[in-house]
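Close look at the chain arrangement
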Amino acid sequence: MTDTARDTFGDRFRDWRARLLQKPAFIRWATRFPLTRPLSRQKTRQLFDLVAGFVYTQIVTTCVRVKLLDQMADGPATLADLSRAIGLDEDATLRLVRGAQALELISPRSGGRYGLDELGAALLANPGVIAMIEHHQLLYEDLRDPLALLKDQKSPTALSRYWAYAQSGAPNGLEADAVGDYSALMAASQGFISDEVLDAYPLARHQRLMDVGGGEGRFAQAALERTPGLHATVFDLPAVADRARHRLGSAGLAGRFETAGGDFFSDTLPQSADVISLVRILHDHDDDKALQLLHQVRAALDVGQTLLVAEPMAGTSGAQKAGDAYFGFYLLAMRSGRPRTEQELRDFLQQTGFGRIHSPRTSSPLLTRVLIALAV
Ligand SMILES: CC(C)=CCC/C(C)=C/CC/C(C)=C/C=C/C(C)=C/C=C/C=C(C)/C=C/C=C(C)/C=C/C=C(C)/C=C/CC(C)(C)O
Ligand SMILES: C[S@@+](CC[C@H](N)C(=O)[O-])C[C@H]1O[C@@H](n2cnc3c(N)ncnc32)[C@H](O)[C@@H]1O
């Protein structure tokens, strides 16, 4: 607290409540008193989930590894069917099935069978989320000692090795095998990003898109497929731009796209687009680098042309766990960048020659939000 800070009424109320909730006698009373009991149970469940969340995640990970949910994609299955299909004995299968049922991934059906529940069906429908669950094994390794991550923000980690550009002094020279895994993961997970972004800001009024840091071109592909007459350039590191050329070429989009390989910090960006997108890019970089990239993007646009920024943001109402907790610690482990609030991004845009900023709503702000700005 600074010397000048003054407690507001809200501060005083929260501090009084925090003191009260630390008193065992109050907790004992509140868990028994009929009017406070439901709240006490809710807080107990909430705290239990915080304490045990990693166990739930490991159960989900096991379901994905043994493809438990896939066995129910076409309809319910018996325990014996499941046990045979996933290669675990019936006792072990039952333990996993009960865990999955408790997590609402699956639910019982008549005749001792099991089928998908809402969350299981949604998970199975999202290959990008399944890819993230498998990828999380690396993050799990790094988070074994989160305090060490906070204290030493330099030593290499599983994630800093995976995201080879995050620590490389010369990312331009990264070879195909250093960018392959992360590019495939990003392409798989565009499924839950591109529709969100393009629904929030359809590109129909634009002629030429340049997706900077566009990976292997999944976002550009989605934009081209839903926007007749649009042309797209994918700019990324040379080895990634090669992957984009192959993907977009084999998607039947020849003639509507080009790719450009380079380092977006040190190379001049092509000056060919009337809209530039930065999808899941700025949060990867520390403040000085993020500002440098925005200057580069501004130099590639004429006054009145458009910048689209799409990424999960800190401080997103109802999604603080995703922005501040998950991406905060994910990027800590990656050793580069941080999630920013909408206001911080707006300030960065204003400092780098952008104005008339607005934020069209996405349907799932937890997954991504969008800012649109014009070069001024
Ligand atoms: C039909 C009847 C009777 C009732 C239906 C009731 C009903 C309407 C139910 C709702 C069903 C429904 C529509 C569910 C939809 C669920 C969806 C769409 C779920 C989506 C979940 C998405 C998840 C969990 C996404 C997770 C994403 C993660 C973990 C992303 C990680 C990204 C990373 C690590 C990115 C890295 C890039 C870097 C390095 C930071 O730049
Ligand atoms: C997190 S991925 C996002 C990819 C894609 N926009 C998406 O959302 O799926 C970051 C991308 O930025 C690219 N990148 C990182 N540093 C770069 C640099 N210095 N120059 C060009 N591209 C770079 C990476 O190769 C990668 O494709």
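Only a predicted model underlies this, so the values are computations on that prediction, with no experimental measurement involved.

This next bit is on the pattern of salt bridges. This structure, assessed with the given rule, holds 11 salt bridges. Taking the shortest distance from any N to any O, the salt bridge between arginine 226 and aspartate 195 comes out at 3.2 Å. Placement of arginine 226 in helix H12 (residues 218-226) and of aspartate 195 in helix H11 (residues 194-200) is noted, with a sequence separation of 31 residues between them. Here arginine 245 ties to aspartate 242 by a salt bridge, and the two come within 3.1 Å at their closest N and O atoms. With arginine 245 and aspartate 242 both in helix H13 (residues 238-250), this residue pair falls three residues apart, about one helical turn. By relative accessible area, aspartate 242 is classed as partly exposed at 34%. Here the salt bridges do not stand alone but share partners, grouping Asp287, Arg338, Arg340 and Glu344 into one network.

Contact pair helix H10 (residues 176-189) / H13: the axes reach a minimum separation of 9 Å and the direction vectors enclose 50 degrees. If you check the angle between H10 and H13, you find them oblique. Of the two possible hands of crossing, H10 and H13 adopt the one that is right-handed. Contact with H10, carried on its side by Ala176, Val179, Gly180, Tyr182, Ser183, Ala184 and Ala187, involves Ala239, Val240, Arg243 and Arg247 of H13 and no other residues of that element. Of the residues assigned to the contact of H10 with H13, the class counts are seven nonpolar, two polar and two charged.

All right, on to the site of ligand 2 then. Neighbouring residues of ligand 2: 18 residues in total, closest Tyr182, Gly213, Asp236, Phe264 and Val279. One of the side-chain nitrogen or oxygen atoms of glutamine 190 is found 2.8 Å away from an oxygen atom of ligand 2. Protein coverage of the free-state accessible area of ligand 2, which is 590 Å², stands at 97%. Within the shell around ligand 2, the residues separate by chemical class into 10 nonpolar, four polar and four charged.

What follows covers the site of ligand 1. Around ligand 1, the surrounding shell holds 17 residues, and the nearest of these are Met132, His283, Asp284, Tyr326 and Tyr330. Aspartate 284 places a polar side-chain atom, nitrogen or oxygen, 2.5 Å from an oxygen atom of ligand 1. Within the complex, the protein chains bury 52% of what would otherwise be the 1100 Å² of accessible surface of ligand 1. Listed by contribution, the elements that provide at least two residues to the shell around ligand 1 are helix H6 (118-124), helix H7 (127-142) and helix H15 (320-334). Sort the elements by how many residues they give to the shell around ligand 1 and H15 lands first, with five residues. Grouping the constituent residues of the shell around ligand 1 by class yields 12 nonpolar, two polar and three charged.

Looking now at the packing of aromatic side chains. With the rule as written, the count across this model stands at 10 aromatic pairs. Ring geometry for tyrosine 162 against tryptophan 163: centres 5.3 Å apart, planes inclined by 80 degrees, an arrangement best described as edge-to-face. Tryptophan 163 shares its class with tyrosine 162; the two are buried. Centroid distance tyrosine 165 to tyrosine 182: 5.2 Å. Interplanar angle 80 degrees. Geometry classified as edge-to-face.

All right, on to the pairing of strand E7 (residues 275-279) then. Among the five residues in E7, five count as buried, and that is most of the element. With burial as the criterion, each face of E7 is covered, one bearing Val275, Ser277 and Val279 and the other bearing Ile276 and Leu278. Bridging between strand E4 (residues 208-212) and E7 involves three bridges; their strand directions are parallel. In the strand pairing of E7, aspartate 211 is matched with serine 277. Pairing of E7 with strand E8 (residues 306-311), which is carried by five bridges, proceeds in the parallel orientation. Bridge pairing links isoleucine 276 to leucine 307 in E8. This β-α-β element, E7 to helix H14 (residues 287-299) to E8, shows right-handed connectivity.

In this structure, strand E5 (residues 231-236) lies alongside strand E6 (residues 257-261), joined through five bridges in parallel fashion. Among the inter-strand pairings, aspartate 236 is bridged to a residue of E6, identified as glycine 261. You can see the chain leave E5, run along H13 and come back into E6, and the turn it takes is right-handed.

Bringing the domain arrangement of the chain into the picture now. You can read the domains of the chain as domain 1 (9-124) and domain 2 (128-375). Listed as interface residues are eight residues of domain 1 and, on the opposing side, six residues of domain 2. Here domain 1 and domain 2 share zero salt bridges between them. On the surface where domain 1 and domain 2 come into contact, there are one residue pair in polar contact (both at pLDDT 80 or more). Looking at the side of domain 1 that touches domain 2, the elements with two or more residues in it are helix H3 (37-65) and H6. The greatest single-element share of the side of domain 1 that touches domain 2, amounting to six residues, is contributed by H3. Split by residue class, the side of domain 1 that touches domain 2 holds five nonpolar, two polar and one charged.

The rules we used
- Residues numbered from 1 in each chain as written.
- Chains lettered and ligands numbered in written order.
- Predicted model: local features only at pLDDT ≥ 70, side-chain atom pairs only at ≥ 80, totals over all residues.
- Heavy atoms only, no water.
- Salt bridge = Lys/Arg side-chain N within 4 Å of Asp/Glu carboxyl O.
- Helix = DSSP H or I, 4+ residues; strand = E, 2+ residues; numbered from the N terminus.
- Buried < 20%, exposed > 50% of the residue type's maximum accessible area, 1.4 Å probe, protein only.
- Axes fitted to C-alpha atoms, helices over the stretch in contact; angles between N-to-C directions.
- Parallel < 35°, antiparallel > 145°, perpendicular 65-115°, else oblique.
- Left-handed = near helix turned anticlockwise from the far one by under 90°.
- Contact = heavy atoms within 4.5 Å.
- Nonpolar A, V, L, I, M, F, W, Y, C, P; charged D, E, K, R; others polar.
- Near = heavy atom within 4 Å.
- Polar contact = N/O pair within 3.5 Å; in protein donor to acceptor, adjacent residues only side chain to side chain.
- Areas by Shrake-Rupley, 256 points an atom, 1.4 Å probe, with all protein chains shown as cover.
- Phe/Tyr/Trp six-rings, centres within 6.5 Å; stacked < 30°, edge-to-face > 60°.
- Pairing = 2+ DSSP bridges.
- Right-handed = clockwise from strand over helix to strand, strands pointing away.
- Domains from an automatic or database assignment.

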